[in-house]
Amino acid sequence: MALNADYKKDKRLTIAFNKIQMQSLKKLESYNVNLSQFIRLAIAEKLKKDWPKIKEQHEKIKLPF
């Protein structure tokens, strides 16, 4: 079982959005959507979906050592 400390948000990453993406996020914010939580959930969903493909591609790469 993971400790709550494992889920503490203590790391920061700065990302950039284009104008259209920012407008979309502002629209969501106007509907009282928590943007931070929305983005975290979107990342988690994307990783869950794509992780098997990413892992498979990485395993195909032959390392020289």
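Below is a summary of the structure that appears in this document. (Residues numbered from 1 in each chain as written. Predicted model: local features only at pLDDT ≥ 70, side-chain atom pairs only at ≥ 80, totals over all residues. Heavy atoms only, no water.)

Quick notes on the pattern of salt bridges
And then number 1: For the structure shown, the criterion picks out 2 salt bridges.
And then number 2: The partner of Glu29 in a salt bridge is Lys26, with the nearest N and O atoms 3.7 Å apart. On the criterion of helical spacing, the pair formed by Glu29 and Lys26 is a turn pair, its members being 3 residues apart in helix 1 (residues 19-30).
And then number 3: Since its relative accessible area comes to 38%, Glu29 is described here as partly exposed. (Salt bridge = Lys/Arg side-chain N within 4 Å of Asp/Glu carboxyl O. Helix = DSSP H or I, 4+ residues; strand = E, 2+ residues; numbered from the N terminus. Buried < 20%, exposed > 50% of the residue type's maximum accessible area, 1.4 Å probe, protein only.)

Description of helix 2 (residues 35-60)
And then number 1: If you check helix 2, its first and last C-alpha atoms are 36 Å apart, about what 26 residues at 1.5 Å a residue would give, namely 38 Å.
And then number 2: Capping the start of helix 2 is the job of one residue whose side-chain oxygen sits 3.1 Å from the backbone nitrogen of Ser36: Asn34. (Expected span 1.5 Å × (residues − 1). Polar contact = N/O pair within 3.5 Å; in protein donor to acceptor, adjacent residues only side chain to side chain.)

Focus on the layout of surface pockets
It is a probe the size of a water molecule, rolled over the atoms, that shows where empty space is left.
And then number 1: Estimates place the volume of the largest pocket at around 610 Å³.
And then number 2: The wall of the largest pocket is formed by 15 residues, among which Lys11, Arg12, Leu13, Ser36 and Arg40 lie closest to the centre.
And then number 3: Per-class residue counts for the lining of the largest pocket are 6 nonpolar, 2 polar and 7 charged. (1 Å grid on protein atoms, 1.4 Å probe; cavity = no way out; pocket = protein on both sides within 12 Å on 5 of 7 lines; lining within 4 Å. Points joined across faces, edges and corners; volume = space filled by probe spheres on them. Nonpolar A, V, L, I, M, F, W, Y, C, P; charged D, E, K, R; others polar.)

Some remarks on unusual backbone geometry
And then number 1: Not every positive phi belongs to a glycine, and Asn32 is a case in point at roughly 65 degrees.
And then number 2: Residue classification places Asn32 among the exposed positions, given a relative accessible area of 74%.

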